[in-house]
Amino acid sequence: MTTVETATGPAKTMVLNMGPQHPSTHGVLRILLELDGETIVKAIPDLGYLHTGIEKTCEAKTYSQAITLTDRIDYLAPLSNNLGYCLAVEKLLGLEVPKRAQYIRVLLAEMTRIASHLVWLGTHAIDLGAMSVFLYCFREREEILKIFEMVAGQRMMTSYFRIGGLALEPPTGWLRAVDRFVRMMPGRIDDYETLLTENRIWMARTQGVGRINLQDAIALSMTGPALRAAGLAYDNRKLFPYSSYKEFDFQVPVRTESDCYARYMIRIAEMRESLKIIRQAMDKIPAEGPIRAEAPGIVPPGREKMKTEMEALIYHFKIFTEGFSPAPGEAYVTIESPRGELGVFVASDGTPKPLRVHFRTPSFVNLQSLPKMVEGQMIADVIACIGTIDIVLGEVDR
Amino acid sequence: MAENSQQSTPVVAEHLRSWNPRAVESVLEFHGEITIVVPRELLRSAAERLRDDSSLQFNLLSDMTCVDRFPAEPRFELNYHLTSISRREKVRMRVAVPGDNPVADSVTSVWPGAGWMEREVFDLFGVRFSGHADLRRILLPDDWEGHPLRKDFPVEGQR
């Protein structure tokens, strides 16, 4: 505790414990707030309530088995994590994924971005007192989850991207469902904007709140929509393209206000850009073609082959019993997850189990700038700031 | 297998060498990723150089993490993944840290974002960072014994 000067003389500050069971912390985040009245003098985030040792567990699994763990890091964007991890292992192996699989990956990754932004918008709005937006957002997210279920057989823990390609051939007619969604969604985004963008209460709660200047943001390694709202068009899809992103035409929304409102506007614009990418991907995906790389001993053979070819059966057995061993070395891949830069570091020592898997998760790194955003602001602004950093505690604590 | 690239030394390494010939122990290249191995005592000054040199500008610390090569020595390997936003380039800076004295300089003065990353490495690997203003455990409880990401820490936990 420190002593502060007030109108009536020196006074002591008060320490308030926010969380870990506070609904607006989006999980189990605890923040120690040192307060002078309602003004924040100091904020100290306390993490680890959801730490499950995923990185340690990865070291005890084969490369393929670890995919299921990546879903559980960021449970609101499982396919982005699948993609990051698969790309890292593929880089380690020097595997080239067929174009058809790459386009399907792009389409689903952008669907994930919309689904994740919808959960963000809904929960952020409910934190600031706009109840109805939450219901609309979850209605649309449900449509996306139905498409995920159609393709992967799972709504949330998809594990659909595998090393070398995809787990399954997508079902016939799945693109019709995507098409319905893509037609419906722009109007729905307009609806959210009608409810919020020029809403006076919304603007009062978010404009000028949680400012951080660009220099501080870069110094604190902040990435994603928050960095783009501070005026820098840093997007891994453009700067370091992966999975054929350079063939797609889309904009990277940038704003300069760097407040909660700017971050809201960026994410709304990003949903529209994602729809653009999805439309292009729908045209690009060939009707037929391989969805897995041809790599015996690494990528499991098709069911047909397994029943007719001796070699294929042996490979299948070997992949699922002992796994495969990449040459010793390291690979680091960064992708643009809905929350920012997701980096996956994989180190191999030449055995079937990774020597080290590390996830550079955007939530963990971005959360570090929370104190900078809220110090000097009011206590109610903390909630707006946590909302616009868009953290997922599973990803923060891993 | 990572190997020394003799014929074409990457620009980053050349720049560091021209600043201080001892700054680059070796340069590794693997699948297009450049790794510059820097001696432990030059970690912070090399980091400053990488950030401030106008032809390098590695201003974003994307990630920092550790690898435990137990029982080999030096046991720990710190990997700093740097991005130069303006030059669209990435590089990995690596520092070897021995197991009997796991201490390295903190780079929080160069990239403040390293603060939590170093706390995480301290928490899970037990590598200490001198010059870090707030080196506490970050993910595990304060009274936790041991450092779980070390290779000699069993997966099922210590009994």
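Definitions and cut-offs
- Residues numbered from 1 in each chain as written.
- Chains lettered and ligands numbered in written order.
- Predicted model: local features only at pLDDT ≥ 70, side-chain atom pairs only at ≥ 80, totals over all residues.
- Heavy atoms only, no water.
- Helix = DSSP H or I, 4+ residues; strand = E, 2+ residues; numbered from the N terminus.
- Rg over C-alpha atoms; globule rule 2.2 N^0.38 Å.
- Buried < 20%, exposed > 50% of the residue type's maximum accessible area, 1.4 Å probe, protein only.
- Contact = heavy atoms within 4.5 Å.
- Areas by Shrake-Rupley, 256 points an atom, 1.4 Å probe, with all protein chains shown as cover.
- Lys, Arg positive; Asp, Glu negative; His and termini not counted.
- Charge placed at Lys NZ, Arg CZ, Asp CG, Glu CD.
- Buried area = accessible area lost by both parts, 1.4 Å probe.
- Salt bridge = Lys/Arg side-chain N within 4 Å of Asp/Glu carboxyl O.
- Polar contact = N/O pair within 3.5 Å; in protein donor to acceptor, adjacent residues only side chain to side chain.
- Nonpolar A, V, L, I, M, F, W, Y, C, P; charged D, E, K, R; others polar.
- Core = buried A, V, L, I, M, F, W, Y, C linked by side-chain atoms within 4.5 Å.
- Domains from an automatic or database assignment.
- Pairing = 2+ DSSP bridges.
- Axes fitted to C-alpha atoms, helices over the stretch in contact; angles between N-to-C directions.
- Parallel < 35°, antiparallel > 145°, perpendicular 65-115°, else oblique.
- Left-handed = near helix turned anticlockwise from the far one by under 90°.

Draft legend 1. Main features of the overall build of chain B. From N to C terminus, chain B includes three helices and eight strands. Mapped in sequence order, the helices and strands of chain B form the string β-α-β-β-α-β-β-β-β-α-β. Taken over C-alpha atoms, the radius of gyration comes to 16 Å for chain B, in line with the 15 Å a tight globule of 159 residues would show. With the C-alpha coordinates of chain B rotated into their principal frame, the extents come out at 50 × 35 × 25 Å. By residue count, 55% of the 159 residues in chain B fall in the buried class. Taking the intrachain contacts of chain B between residues at least 6 apart in sequence as the baseline, contacts between residues at least 24 apart amount to 50%.

Draft legend 2. Spatial organisation of the overall build of chain A. In terms of regular secondary structure, chain A is built from 17 helices and 10 strands. Computed over its C-alpha atoms, the radius of gyration of chain A comes to 22 Å, within 12% of the 21 Å expected for a compact globule of 398 residues. A principal-axis box enclosing the C-alpha atoms of chain A has dimensions of 85 × 45 × 35 Å. Going through the 398 residues of chain A one by one, you find that 60% of them count as buried. Here the analysis covers contacts within chain A between residues at least 6 apart in sequence; of these, 70% occur between residues at least 24 apart. Element-wise, carbon and sulfur atoms account for 55% of the exposed surface of chain A, whose accessible area totals about 15,000 Å². Taking the average place of the 45 positive charges on the side chains of chain A and the average place of its 47 negative ones, the gap between the two points comes to 3 Å.

Draft legend 3. View of the interface of chain A and chain B. Counting from both sides, the interface comprises 45 residues of chain A and, opposite them, 46 residues of chain B. The largest share of the area that chain A buries against chain B comes from A:Lys56, A:Glu330 and A:Gln368, three residues that together contribute 18% of it. Viewed at the interface, chain B and chain A are joined by five salt bridges. Between the two partners, chain A and chain B, sit 23 residue pairs in polar contact (both at pLDDT 80 or more). Each residue belonging to the side of chain A that touches chain B can be placed in one class, and the counts come to 24 nonpolar, 10 polar and 11 charged.

Draft legend 4. Representation of the nonpolar core. If you look at the biggest cluster of nonpolar residues, it comprises 167 residues, and the most contacted ones within it are A:Tyr85, A:Leu107, A:Leu108, A:Leu121, A:Tyr160 and B:Tyr80. Here this core gets 14 residues from one element, more than from any other, and that element is helix H4 (residues 99-127) of chain A. Mapped onto the domain boundaries, this core takes at least three residues apiece from domain 1 (3-46) and domain 2 (54-397) of chain A. The contact partners of A:Tyr85, leaving out residues within four places of it in the chain, are A:Tyr63, A:Ala66, A:Ile67, A:Thr70, A:Ile163, A:Val344, A:Val346, A:Val357 and A:Phe359.

Draft legend 5. Spotlight on the pairing of strand S3 (residues 33-37) of chain B. Residues and elements named next belong to chain B. Of all five residues in S3, five are buried, a share of seventy percent or more. Of the two faces of S3, the one carrying Glu33, Thr35 and Val37 and the one carrying Ile34 and Ile36 are both buried. Across five bridges, strand S2 (residues 26-30) lies against S3 in antiparallel orientation. Its bridge partner lying in S3, Phe30 is registered against Glu33. Between S2 and S3, which follow one another and run antiparallel, lie two residues, and His31 among them has a positive phi close to 50 degrees. Two elements, S3 and strand S6 (residues 89-97), share three bridges in a ladder whose sense is parallel. For Val37, the partnering residue across the bridge sits in S6 and is Arg94.

Draft legend 6. Structural context of the packing of H4(A) against helix H11 (residues 260-284) of chain A. Residue and element names in this part refer to chain A. At a closest axis distance of 9 Å, the pairing of H4 and H11 adopts a crossing angle of 155 degrees. On the basis of their axis angle, the class for H4 and H11 is roughly antiparallel. Regarding H4 and H11, the two cross each other, and that crossing is left-handed. Looking at the contact of H4 with H11 residue by residue, the classes come out as 16 nonpolar, two polar and six charged.

Draft legend 7. Quick peek at the sheet that holds strand S5 (residues 39-46) of chain A. All names here are of chain A. One open sheet accounts for three strands, arranged S3-S4-S5; its pairing is antiparallel. The strands lining the two open edges of the sheet, one partner per strand, are strand S3 (14-18) and S5. Neighbour-to-neighbour, the strand axes of the sheet open up by a mean angle of 20 degrees, direction not taken into account. In this sheet, strand S4 (residues 30-36) lies alongside S3 in antiparallel orientation, the contact comprising five bridges. Paired with Met18 across the two strands is Ile31, which belongs to S4. This element, helix H16 (residues 379-389), spans S3, S4 and S5 of the sheet and lies at about 150 degrees to S4.

Draft legend 8. How the structure looks around the pairing of S6(B). All names here are of chain B. Where strand S5 (residues 76-84) and S6 come together, nine bridges link them in antiparallel fashion. Each bridged residue has a counterpart across the sheet, and for Leu78 the counterpart in S6 is Val95. Linking two consecutive strands that pair antiparallel, namely S5 and S6, is a turn of four residues; a positive phi of about 50 degrees is found at Arg88 within it.

Draft legend 9. Just the domain arrangement of chain A, in detail. All names here are of chain A. What the domain assignment lists for chain A is domain 1 (3-46) and domain 2 (54-397). Once you take the C-alpha centre of each, domain 1 and domain 2 turn out to be 33 Å apart. Overall, the association of domain 1 and domain 2 removes approximately 1,500 Å² of surface from exposure, summing both partners, and the carbon and sulfur fraction of that is 70%. In terms of surface lost to domain 2, no three residues of domain 1 exceed His26, Glu38 and Ile40, which account for 39% of the buried area on that side. Within the residue set of the side of domain 1 that touches domain 2, elements represented by two or more residues are S3, S4 and S5. Here the side of domain 1 that touches domain 2 takes six residues from S5, the largest share from any one element. Residues belonging to the side of domain 1 that touches domain 2 are distributed by class as follows: 11 nonpolar, five polar and two charged.

Draft legend 10. Up close: the pattern of salt bridges. Residues and elements named next belong to chain A. Overall, the coordinates contain 44 salt bridges over all chains when judged by the stated rule. Here Glu142 and Arg155 are joined by a salt bridge, their closest N and O atoms 2.7 Å apart. Within this pair, whereas Glu142 is found in helix H5 (residues 131-152), its partner Arg155 is found in the loop between H5 and strand S6 (161-162), the two being separated by 13 residues in sequence. You can call Glu142 partly exposed: its relative accessible area is 29%. The partner of Arg183 in a salt bridge is Asp179, and the shortest N-O contact between them spans 2.9 Å. Taken together, the residues span about one helical turn, with Arg183 and Asp179 both in helix H6 (residues 174-196) at a distance of four residues.

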